[in-house]
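Take a look at the letters that make up each chain.
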Amino acid sequence: MIRRFITLIALLCAVATTVRAQELSALARYEPTRSAIAREGGATRISLGISQPVPFRAYLLADPYRLVIDFREVNFGSNPPAALIRKGGAIKDLRWGRFRPGWSRMVAELSGPMELASAEERTGASPEIRLLLKPVPAAQFRPREGAADSALWDLPQPAAVDRPHRRQDGTRPLRIVLDPGHGGIDPGAEDGGVHEADIVLGFARQLRDALRRAGMSVVMTRDQDVFVPLETRVTVARAAAADLFVSLHADSIAEGRATGATVYRLADHAENEATRKLVQRHDRDDLLAGVDLNGQGDQVAHVLVDLARRETQPRSVRLAQVLAGAIKGEGLHMHKHPVQGANFSVLKSPDIPSVLVELGFLSSPADRKRLADPDWRARMAEAITRGIERWAQSDAAEGRLLRQ
Ligand SMILES: [Zn+2]
């Protein structure tokens, strides 16, 4: 058996092209028993066992220091690589999952500046991706240039929009963008063996069907377990000329004993501590997945942002209130503060009324039970549908008045 080593020394970006896509029969599997993160002198060796060789590339990003590995799709199964992390080692945190259809990504948060001394793929009987990281002074750290763009490949680019689109007036079906939070490399909150990304996707599909039955048109920011950057979620809403945007989450909260549904709209005042942490975590998830948030907001550069927001913000506030009222009216459990302000990035469209619904908290066993209950989910989907209908009617009436 010939063992080939593809050694790519000290490079920031490499695509192992020796394995042609057509040779690959099925999805490669991650093999935990042949994987390790180990010290090698002062360096750190990452070995990832896979069932068959895959094209891959590895590179570094800064703020925070990260190693990103992109592969042709790898199935990480039920023995995730987080088990490889050793306390006090060079790898502080590890994320993995589908990045976009056909591609997986693993992101390792590093304890400090390092260089990628080698990146190689061992083919043959025991395929393996082997990386060697060596600490370097901060001045010698070489992140991949232009990574913010190229790391995303051909994900949709922010739409160029010249002016706010025409407000809905009830003369055509309402266009709703549903945004199931997280996905792929970003599983969201996890508690009691349940992942937020799965829960909210399942619920979003159910809600989509309910909204369509009520005659509305629905676009989803994702309909599979893939990663979608926050900015792209906003872009999807703009490209669809959405009348409203509803992001769906079911987070975990360490502070206090949060239970029940909460409807968030963009904050016009200071957020409370728990909310601030929730918002920070969502932006951080994006950052860890290799997305630079500095470009956030570019897509609206030509829009008269403030002007548009002055009209949109009260509409978002009403949407949040009407939704909370509808959920409460259905007798579904709500948080003690059912409507809150928060600076979630996905709520920042200046001319599309936007809300984020925390369906419940995975950190609460009672909420977890509700989220898994088909009857509860159906009632929640109906309540949100009725709330949106109610809001749309009064919003259209106000729009007609304003135009006169
Ligand atoms: Zn979330």
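Residues numbered from 1 in each chain as written. Predicted model: local features only at pLDDT ≥ 70, side-chain atom pairs only at ≥ 80, totals over all residues. Heavy atoms only, no water.

### Brief notes about the packing of aromatic side chains
Across all of its chains, the model carries 5 aromatic pairs by this definition. Taken together, a centroid distance of 5.4 Å and an interplanar angle of 80 degrees make the contact between Y264 and F344 edge-to-face. Of this pair, Y264 sits in strand 16 (residues 261-266) while F344 sits in the loop between strand 17 (334-342) and strand 18 (354-358), and the two are 80 residues apart along the sequence. The exposure class assigned to Y264 is buried, which follows from its relative accessible area of 2%. Here the aromatic cluster, defined as three or more aromatic residues joined through ring pairs, consists of Y30, F71 and F76. (Phe/Tyr/Trp six-rings, centres within 6.5 Å; stacked < 30°, edge-to-face > 60°. Helix = DSSP H or I, 4+ residues; strand = E, 2+ residues; numbered from the N terminus. Buried < 20%, exposed > 50% of the residue type's maximum accessible area, 1.4 Å probe, protein only.)

### A look at the confidence of the model for the protein chain
Of the residues in the protein chain, 83% have a pLDDT of 70 or more, and the chain-wide mean is 82. Contacts from residues 147-158, a stretch scored under 50 in pLDDT, to residues over four places away or in other chains number 29 contacts. Counting contacts from residues 293-304, a segment whose pLDDT is below 50, to residues more than four positions away or on other chains yields 22 contacts. (pLDDT = per-residue confidence, 0-100. Contact = heavy atoms within 4.5 Å.)

### Quick word on helix 4 (residues 273-288)
Counting along an α-helix, one turn takes 3.6 residues, and residues three or four places apart therefore face a common direction. Between its terminal C-alpha atoms helix 4 stretches 22 Å, which fits the 22 Å expected from 16 residues at 1.5 Å a residue. Buried residues of helix 4: T275, L278, V279, H282, D285, D286 and L288, and no others. (Expected span 1.5 Å × (residues − 1).)

### Description of the pattern of salt bridges
Using the criterion set out here, one finds 28 salt bridges in the structure. With a shortest N-O distance of 3.3 Å, D223 and R208 are connected by a salt bridge. Of this pair, D223 sits in the loop between strand 14 (217-220) and helix 3 (230-239) while R208 is found in helix 2 (residues 196-213), placing the two residues 15 residues apart along the sequence. Taking relative accessible area as the criterion, R208 reaches 14% and is therefore assigned buried. (Salt bridge = Lys/Arg side-chain N within 4 Å of Asp/Glu carboxyl O.)

### A closer look at the environment of V54
As for its placement among the helices and strands, V54 is situated in the loop between strand 3 (43-50) and strand 4 (56-61). V54 gets classed as buried once you look at its relative accessible area, which sits at 2%. V54 has contacts with A28, F71, R72, V74, E121 and I129, leaving out every residue within four places of it along the chain.

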